[in-house]
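# Inside the fold
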Amino acid sequence: MADTPERELPPVPPVVAAEQLATGGEVAVGAPATGIPGQDRSQRIKQIVVYVLLFFVSLLFFIPFFWSVTTSLKTLPESVGFNLLPANPSLRAYREALTTYDFKSYFLNSVFLATGVTIFNLFLSSLGGYAFARLRFPGREVLFFLVLGTLMIPNELRLVPVFQMLIDFPVVHTQLLGTYQGYFLINLVTATSLFLMRQYFLTIPRDYEEAAKLDGAGYFKTYWRVMLPLAGPALAAVTILTFQGTWNDFFWPLIIFLGDESKYTLPLGIFQFRTQFYTQWPELMAASVIAIVPIALIYVFFQRYFVAGVTAAGVKG
Amino acid sequence: MRYRIAVLVVGAVASVIFAAGAQSRTVIDKPQAVTASGTVTLSGWSVSTTEEDLLQQVVRAFERTHPNIDVKYDAIPNYDQAMLAKFSARQPPDVFYLNSEKAPTWISQGLIAPLNSYISKTKFNTKPFYPSLLRAFKQKGKTYGFPKDWSPLGMEINTQLLARVGGKAPKTWAQLTAVAKKLKPLMTGTAKPICLSAEWQRALMFVYQNRGVILKNGNPQFTSAAVRQAINFYVGLQRAGLGDTPAKLGVGWCGEAIGKEKAAIAFEGNWAFPYLPDTFPNVKWRFFPVPKGKVPATLAFTVSYSTSPASKNKDAAWVLITYLTGKAGMRLWTSKGLALPARSDVKVAFPAPSRAPLLGQAKYARVWLWPDGWDKVWSVGNNELSAVMEGKQTVNGMLSRLQSEARSVK
Amino acid sequence: MATVAKKRGSTLGRESVREALVGYAFVLLPIASFLIFFMYPLGYAAYISFFDWGALGKIESVGLGNYRDLSHDFLFGKALKNTFRYAVIVVPTQMALGLLLAVIVNNALRFRTFFRAAFYFPAIAGSIAITAVATYILSADGLLNAVISKFTGETYDHAWFGESDTALQSIMALNIWTTSGTMMLFYLASLQSIPTDVYEAAAIDGARAWRTFWKVTFPLLKPAHFFVAVVSVIGALQVFDQAFFVSGGGGGPNYSTMTIVLYLYNTAIEGARFGYASAIGIVLFAIIATLTLIQRLLFGRAEVA
């Protein structure tokens, strides 16, 4: 490590490091990337034990999904008993779930709303997060506390005034009930995403912006060209959280789309299989399983943005 | 002289004719029909697919006989929350379900429209409705809805187990205890003879059977001897090992207890259908009238069709309400036994198991109905009762707390 | 090698104004949205909390009456106690578990994708499925008791959700398990941002893994800690869904699952007493805001500049 040149820029950040790794360039990493070192026998045994333990723990985490799938293949009497597996697995519940109600519409509505809200959120929360983290403006602390404050208001408390606003929005007097715009409007950005982006931007060394400023970049360009690319993991987290939050949202779609079944989302559809005294478990689970698939896909796709840090950091547990 | 008599007679006859003619002009008002047209929105809470199909059938039958009116039906999840939001925005549906439990509060807040003007205009006959059910929707002489169906609490008994202990369903408190004692050895694991909900919505009927009342002239009577005795009986069944709460039996509610054979006796109502036959088709059980204490009594739960002052199409709402709660509409709605008719003139041939034991209790069924603000009393009450049945609270302690909660209702 | 003088902050007035304007512009839409859809309803709730307010509006003015009633409201007292008990246990446990999972998954392990998916799955799976499975597993004759019975040799039939000793605790365990995946995500994002030479330096100094973690990684995660702590506390104090589902809305057995938001919900929806419900909401807001402020002051200085 003799020839560390005088550096003007801080070490290469993880995401960039991964790219460099991919293109075979030099990377400022030192630790081994993956795998069992394989030196010590006791080390190896310890590793195996750890893996086995983790495997069982993970299995525990998968239990609800496993149970949902098996229940969806059972008959109703079977589903309430203590049966692990169905006697005659059948896709009847899936057929029922898909034909009793307009599930195709529910699915498409959920996809549309979740995608839209996620995109809005990504843009607005990263922009706002950057401002709160790096730009100075009077009242910044107060405004940030206002952002946090929105998390402290339970939905039930907001219900009546928001509902009244949706029916007759002040000043412009438009009716937003039963419209997709209405849903987007009240879900443009969440405080959680904004907060998360801010925290993440705070940890990025200032040197990048300084360099950008020297290059003559304005604030928006700095944000767009420098900060955003550095925020990969945080953006991935926001994507996953927002998509999943909107996908599983029951409260606001119920309030907004009541009376217009063509706009119902999946949670509303799923809810129709339960009443006060009677739940149709197989159909309910079939619908839930169908609903999980997209989020699982989104998660699997976006979680690889966490991978970059692994190859670069290589901390041995 | 004869001339004067003749004039008198003519005059009298003339007067009579004149009077008769005048009488026929001030005719007693004939019932007038309400003509309505347009769209009417109908909202209820989510029901099982079987019930929803049935309701759609009734609605279509209505539309056939009333071609000018178009019905738009919605099943609303989270019904109370959604309805309150709609009321507050002055955009309620035209016709909707009104739960008897909510009726006093919603009526007192002016959310429900009185139907008296329609009743007197059309001379709608409300006599066939069971009086106790109709009364649930009346306040200060005004009628706010007609009951669409109802159910009392009945006694569900597992017939196979009952046969093994002699086959005679208990008719009195003493017999209930006796039968439960005989059933005890037959129950395995966590199962017990009787499922005892830790809810006043079930325990209260024992109070009524013991001639107890909760409100006398507006004053709470929780600490009266009759109430105390009845609750001690109810809780005593658990203490004697003859019954237990659903949670202890490993189920969510007593209907499930019957289905999973965790209990042989449970006190539930017609809402067992279609749940029990669909979910537990192999269990053999049927309804019996609840045992009587000093007097026969049971609890009833009912729902009306109502409309709101802010509803858009009140005339059409009235027509729809009277159809749905009229003889033809109600007969169709209750034909499958998923609901019990709220009118005594609707006779339905129910599918087995029989609903007759439930209907037969109409005379002495008392609707679960409380003044505005009592939701909190019962929230405390059920928590206290569950504490009592966990052994963490005494019956007297519960009753005095309830007495003070009830006194503080504004 | 010329070193470029770094400008620390702008000294020109115009630049500050420009920065401020850009700052406002960037946060304009979020702030506007929050003001309209959160702050206005909060103000509305604050206003009607001084009234006896029904579904159709004002019934009568009661001034501080609602708040006075709240102060000796037996049910509200129970709700406060339960909610705090819940938060005190759930928040630290959730944070610790989330951090643990993040560290595990951040490591160079085989099958990390599988683990990462597994740990986050409860958060994805939707609360209906999860709560249904939990009720199934934790019922008096459910899976957990069956396992315990096998171990102890005698039948164990404790109703986890149905007894007041364990109902709230079971909800705590359930929620810790489901939200640890989300906390893991938050921590994972932050773990990525730690520059690698930090670890190198520690390795050079001969620090072993555990020491590295405590002395190096943990302190560098302070912004994440703040975030996770604040979000955890806010979420925990508003616990509602499981309490509602498990108790059927009653808050039982024996008041054990009565939480503040559940009481608010019942007051508003069962009782149609919007004024009183709003008072509950305002009190809750005040509690959460105070706690967040305290956390801000505690963590504030530690934010990486």
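Our subject is the structure listed above.
What counts, and where the lines are drawn
- All residue numbers refer to position in the chain's written sequence, counted from 1.
- Whichever chain is written first becomes A and whichever ligand is written first becomes 1, with later ones labelled in order.
- A pLDDT threshold of at least 70 governs which residues receive local features in this predicted model, and a stricter bar of 80 or more applies before side-chain atom pairs are shown or counted, although totals over entire chains, interfaces and linings include all residues.
- Exposure in this text rests on C-beta crowding, where 20 or more other C-beta atoms within 10 Å of a residue's own make it buried, 12 or fewer make it exposed, and counts in between make it partly exposed. The C-beta atoms are placed from the backbone.
- A helix here means a DSSP run of H or I that spans at least four residues, while a strand means a run of E at least two residues long, and both kinds are numbered starting from the N terminus.
- We treat two strands as partners when DSSP finds at least two bridges between them.
- A residue pair is marked as a contact if its C-beta atoms, positioned from the backbone, fall within 7 Å.
- The convention used is that axes are lines fitted to C-alpha atoms, helices contributing only their stretch in contact, and that angles between N-to-C directions extend from 0 to 180 degrees.
- Nonpolar cores are built from buried Ala, Val, Leu, Ile, Met, Phe, Trp, Tyr and Cys residues. These are joined into a set through C-beta atoms within 7 Å.
- Each domain's extent was defined by an automatic or database domain assignment.

## Observations concerning the pairing of strand 3 (residues 95–99) of chain B
All names here are of chain B. With four of five residues buried, strand 3 lies mostly within the body of the structure. Sheet topology note: the strand 1 (residues 38–45)/strand 3 ladder contains two bridges and is parallel. Bridge assignment links Leu-42 to a residue of strand 3, and that residue is Val-95.

## Quick word on the sheet that holds strand 13 (residues 285–288) of chain B
Residue and element names in this part refer to chain B. A sheet is described by the order of its strands in space; here five strands give the open sequence 11-8-12-7-13, paired in mixed fashion. Since the sheet does not close on itself, it has two edges, and those belong to strand 11 (243–244) and strand 13, each with one partner. Pairing between strand 7 (residues 154–158) and strand 12 (residues 263–268): four bridges, direction antiparallel. Across the sheet, Glu-156 pairs through a bridge with Ala-266, a residue of strand 12. Taken strand by strand, helix 8 (residues 173–183) contacts strand 8 (192–195), strand 11 and strand 12, and its axis lies near 140° from that of strand 8.

## Details of the pairing of strand 2 (residues 57–61) of chain C
Remark: a regular strand shows side chains that alternate across the two faces of the sheet. Pairing of strand 1 (residues 51–54) of chain C with strand 2 of chain C involves four bridges; the strand directions are antiparallel. Paired with Phe51(C) across the two strands is Ser61(C), which belongs to strand 2 of chain C.

## Let's talk about the nonpolar core
Grouped together as the largest cluster of nonpolar side chains are 297 residues, with contacts concentrated most on Ala237(A), Ala263(B), Leu320(B), Met184(C), Phe186(C), Tyr187(C) and Ile280(C). The element that contributes the greatest number of residues to this core is helix 7 (residues 167–192) of chain C, accounting for 15 residues. Looking at which domains feed residues into this core, each of domain 1 (38–151 + 301–365) and domain 2 (153–299 + 369–407) of chain B gives three or more. Leave out the neighbours within four places in its chain, and Tyr187(C) touches Gly98(C), Leu99(C), Ala102(C), Leu221(C), Ala224(C) and Val228(C).

## Structural notes on unusual backbone geometry
Residue Pro274(B) follows Phe273(B) across a cis peptide bond; omega there is -5°. You can see Pro274(B) is positioned in the loop between strand 12 and helix 13 (275–279). Cis geometry is found at the peptide bond from Gly252(C) to Pro253(C), where omega equals 0°. When you line up the elements, Pro253(C) lands in the loop between helix 11 (241–247) and helix 12 (260–270). At Asn78(B), a residue that is not glycine, the phi angle is positive and equals roughly 50°. Along the chain, the position of Asn78(B) falls in the loop between strand 2 (69–76) and helix 3 (79–88). One non-glycine residue with positive phi stands out, namely Lys140(B), at about 50°. Turning to its location among the elements, Lys140(B) is positioned in the loop between strand 4 (138–139) and strand 5 (142–143).

Geometric values such as these leave the question of function open.
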